[in-house]
Amino acid sequence: MPSIKIIGAGLAGCEAALQLAKAGYDISLYEMRPQTKTPAHHTGLFAELVCSNSLKSSIISTASGLLKAEMELLDCQLLKIAKDCAVPAGNALAVDRLLFAQKVTDTIHTTPNIKVINQEVTSFDDQPTILATGPLTSNKLTESLIKIIGKEYLYFFDAIAPIISAESIDREKVFEKARYDKGDADYLNCFLDKEEYQIFVEALKAGEKYQAKEFENEFFQGIDFSFYENCMPIEELAKRGLDTLRFGVMKPVGLENPTSGKRPYAVIQLRAENCDKTSYNLVGCQTMLKQSHQKAIFSLIPALKNADFLRYGSIHRNTYLNTPEIASGDLSLKNAPNIYLAGQIAGVEGYTESIFSGMLTALIISQKITPLPSETISGQLLRHLTTENAHFTPMNANFGLLPDIIMERKNKPLKKAMLSERSLKAMREWVK
């Protein structure tokens, strides 16, 4: 039985482990938590979701939904568990965060040819290895990695959103509705009028925040840190202009109040964190504000005047590699071909994409797969990770990756449907 070491029991590492176990590999899965903690995780469970509980849309005419459909054709293991742990979220696949992590952990522990080793790995050996340590790779392992790959290493900071108690929400100041009434009304919409919105924005801009230097240590001093655009703190967005949030994370479009029939000036959406709906995530409100300022500022939202914060938003260092520069087409390091990359550290962005990356690396190792179809999101994400790019940054699923379809008349919904149909047809044929 071939053996392989996997470092990191996050989404990518767990998916890779289950795929390789299914293929008959003997796996040693290393996870440093709970003995060695990270700034973002709260438990020692595997596949813990940190920033959100949503794996985004399940509709195949969306890029995220299409990627999940492609992954199902490839027999993705974690998506099956995610569906078993789903909570109401309209057309999105959102999960009970704790239940999902517990089920993944239990599945890993009960799979016969996976051995779990709870200790920090600080160096590499000659054994075939998948590096799936995610964006919070420990400093010691980072040092060892830099000795192998050299200077092609990039950094960015990431922020996560607060979670509040359901019973502390003023239900008179919210309405239940999914945008454009698509799917069930699984979101609580906190509405603001023009004056309330402007006060909120000005408070965000004036709020005191943690500085990046407070999260550096001796190893990372002197690095020029920047935020990843898709996880920009809400207070940073507020500084870009008074209406930036109202046309972004707080846009009211498609969210007419059922009582008045009118569209609010701005909206903050709340999404259930668990099946019992006892806690809610402030969608799009990732922040690096200090905790006392978070409570004061988010309480300016009428529905959250008496909000009880179960988890404050926070900032942490996320790390990824310049994979096209340092890795070969099979995602192994050029300077150490026994080490393969998977997950966010490889340069994918998002929960679903991380699961996909772990599955992809496992399939490359176990089945020596040929390039995935270029008409698929899967194939284009692999291409992104293996094509040199002077401005390489993490990538999530999006239709802009796909080869275009020329249409006589512009019809965006029809075009997306056609792209999805073409992609799934190509993937089905490839799987055969």
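The structure this text deals with has already been given above.
Residues numbered from 1 in each chain as written. Predicted model: local features only at pLDDT ≥ 70, side-chain atom pairs only at ≥ 80, totals over all residues. Heavy atoms only, no water.

K.L.:
Help me understand the packing of aromatic side chains in this model?
P.N.:
Working definition: an aromatic ring pair is given by the centre-to-centre distance plus the angle between the planes. One pass over the full model with this rule turns up 4 aromatic pairs. For the ring pair Phe 175 and Phe 191, a centre distance of 6.0 Å and an interplane angle of 20° mean the geometry is stacked. One end of the pair, Phe 175, is in strand β10 (residues 174-176); the other, Phe 191, is in strand β11 (residues 187-192), with 16 residues separating them in the sequence. Given the relative accessible area of 6%, Phe 175 is considered buried. Residue Phe 191 is classed as partly exposed on the basis of its relative accessible area of 23%. Ring geometry for Phe 200 against Phe 298: centres 6.0 Å apart, planes inclined by 50°, an arrangement best described as tilted. Residue Phe 200 is located in helix α6 (residues 194-206), and its partner Phe 298 is located in helix α8 (residues 291-298); the two are separated by 98 residues in the primary sequence. Note on accessibility: Phe 200 and Phe 298 belong to one class, buried. (Phe/Tyr/Trp six-rings, centres within 6.5 Å; stacked < 30°, edge-to-face > 60°. Helix = DSSP H or I, 4+ residues; strand = E, 2+ residues; numbered from the N terminus. Buried < 20%, exposed > 50% of the residue type's maximum accessible area, 1.4 Å probe, protein only.)

K.L.:
Teacher, can you tell me more about the side chain of Glu 31 here?
P.N.:
Here Glu 31 lies in the loop between β2 (26-30) and β3 (54-57). Assessed through its relative accessible area of 7%, Glu 31 is described here as buried. Only 2.9 Å separates the side chain of Glu 31 from the backbone nitrogen of Arg 33, close enough to count as a polar contact. (Polar contact = N/O pair within 3.5 Å; in protein donor to acceptor, adjacent residues only side chain to side chain.)

So yeah, pure geometry; function would need other evidence.
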